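Notes for the structure review
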Amino acid sequence: MTGHAWDRVPIAAQSVEAPLSQAAIFLVLGVNDGTDAITRVRDTLGGIDDLVKTVGFRDLSARLSCIVGIGSALWDRLGEPAKPCELKSFVAIEGTPHKAPSTPGDLLFHIRAERPDICFEFERILLGALGPAVTTIDEVSGFRYFDARDLLGFVDGTANPEGHEIGEAALVGEEDPDFAGGSYVVVQKYLHDLAAWGRTSTALQEEIVGRTKIDNIELDDAAAPRKSHKTLATIVDEQGNEHDILRDNMPFGRAGYGEFGTYFIGYTRHLWVIEKMLERMFIGEPAGAYDRLLDFSTAQTGTTFFAPSRSTLAKLAADKS
Ligand code: HEM
């Protein structure tokens, strides 16, 4: 193992760079009032590395990993001397006609493995350890769908950074030395209107996404009247630098209840990059020319967290309330 965060072994807590998995659980919790709750959360976070090993060792090929994210309000309650410089609650976006709501969440657990039962086992033991300290706000079990497609039928995740680019895109660096190696995490649970999407021609679907559906080829939309999703989500700063994020979206659903969704999760070195993407998607570029993916996808949640590096998380857990 080398010193680079992106070289870490897969069975470890806080491994943002762990590869895409077959299964994932996205668990958002509120931490209840009182110092007892805070103490119990600290103790559990202090033991998270061991818990990943305890469950993950039962099948190493399942590559269990877990990332803990901490919300802004909980960070303040922990009474730490310093806070990640961009950490704040998700700011709701009031686009016309589409809105991105801001919903509560103190802790995020992004649990990934090749086997859903391993994810479930880890979550079960984790929640047992947290006990009465927490209240579940949202829980989604995601699955990999064919060749990494979303439920709209498009391959999702292609433009993700790889190798050393992951660190550059997703991990805080020397700009905030106390929190280097950590990552800002934004989650949004989207529900799709699959019936309406199904009535839309494949040509228009491809125009909306910015890639072809079957073979995933990128489309040039420079001359198109409306920008595609992939173009609205491409952020270039004033110096001409492109800012990537790391996404690990997962489909989820309950067909029997007509529920079809995409759980969006983005890891970023700079929170403003995801905020900018959301602004371009919901307000539009230019204003009004919003992301037409939203005509078929409604954001139900929106929450921001900071996933500290393993060593920062261990320090946080060891501090006294
Ligand atoms: C690209 C789907 C929400 C950021 C893509 C692609 C698909 C997709 C199919 C093209 C393939 C790829 O490069 O991955 C979806 C769906 C969403 C969703 C189904 C939810 C309904 C979001 C949100 C953000 C985002 C909320 C950011 C805030 C991106 C980025 C790219 C991308 C950065 C790559 C752009 C590029 O450089 O080519 N998405 N997405 N997506 N999406 Fe999304």
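Here goes a summary of the coordinates provided. This is a predicted model, so every value here is computed, not measured. Residue positions are given per chain, counted from 1 along the sequence in the order it is written. Restriction of local features to residues with pLDDT of at least 70 applies here, the model being predicted, together with a cutoff of 80 or more for giving and counting side-chain atom pairs; totals for whole chains, interfaces and linings are based on all residues. Hydrogens and water are ignored here; the side-chain numbers use all heavy atoms of the structure.

**Comments concerning the site of the ligand**
Put simply, the rule reads: Distances are taken per atom, and a residue is near a molecule or strand as soon as one of its heavy atoms is within 4 Å of it. Polar contacts, as used here, are pairs of N or O atoms within 3.5 Å; protein pairs need one atom able to donate a hydrogen and one able to accept it. Residues neighboring in sequence count only if both atoms are side-chain atoms. The helix count covers DSSP runs of H or I at least four residues long, the strand count covers runs of E at least two residues long, and both are numbered beginning at the N terminus. Residue polarity follows a fixed list, in which Ala, Val, Leu, Ile, Met, Phe, Trp, Tyr, Cys and Pro are nonpolar, Asp, Glu, Lys and Arg are charged, and the others, Gly among them, are polar.
Among the 26 residues in the neighbourhood of the ligand, the closest are listed as Gly-157, Thr-158, Ala-159, His-229 and Arg-247. One of the side-chain nitrogen or oxygen atoms of Arg-247 is found 2.9 Å away from an oxygen atom of the ligand. At the level of secondary structure, the elements contributing two or more residues to the shell around the ligand comprise strand S7 (183-192), helix H8 (229-232), strand S12 (259-268) and helix H9 (271-282). Here the shell around the ligand gets four residues from one element, more than from any other, and that element is H9. Residues belonging to the shell around the ligand are distributed by class as follows: 12 nonpolar, nine polar and five charged.

**What to know about the pattern of salt bridges**
Defined as follows: Between Lys or Arg on one side and Asp or Glu on the other, a salt bridge is scored when a side-chain nitrogen of the former is within 4 Å of a carboxyl oxygen of the latter. The cut-offs for exposure are 20% and 50% of the maximum accessible area for each residue type, with area from a 1.4 Å probe on protein chains only; residues under the lower value are buried, those over the upper are exposed, and the others partly exposed.
Summed over the entire model, instances satisfying the criterion amount to 20 salt bridges. Across the pair Glu-275 and Lys-88 runs a salt bridge whose closest N-O atoms are separated by 3.0 Å. Remark: Lys-88 occurs in the loop between helix H3 (72-78) and strand S3 (93-94) and Glu-275 occurs in helix H9; sequence separation between them is 187 residues. Relative accessible area serves as the criterion here: at 28%, Glu-275 is assigned to the partly exposed category.

**Section: the environment of Met-250**
As a reminder, the rule being used: Residues are treated as being in contact if the distance between any of their heavy atoms lies within 4.5 Å.
Looking at the secondary structure, you find Met-250 in strand S11 (residues 250-254). Met-250 sits in the buried class, given a relative accessible area of 1%. Separated by 15 residues in the primary sequence, Met-250 and Ile-265 have C-alpha atoms spaced 8.3 Å apart. Here Met-250 is in contact with Ser-21, Gln-22, Ala-23, Ala-24, Phe-26, Gly-142, Phe-143, Arg-144, Gly-261, Thr-262 and Tyr-263, once residues within four sequence places are set aside.

**Here's the deal with the packing of helix H1 (residues 35-46) against helix H4 (residues 116-130)**
Heads up, the condition is: Here an axis means a line fitted to C-alpha atoms, over the contact stretch when the element is a helix, while the angle between two N-to-C directions is reported on a 0 to 180 degree scale.
Relative orientation of the contacting elements H1 and H4 amounts to 145°, with a least axis distance of 9 Å. For the pair formed by H1 and H4, the contact residues are Arg-40, Val-41 and Thr-44 on the first element and Leu-126, Gly-128, Ala-129 and Leu-130 on the second. Its residues placed into classes, the contact of H1 with H4 shows four nonpolar, two polar and one charged.

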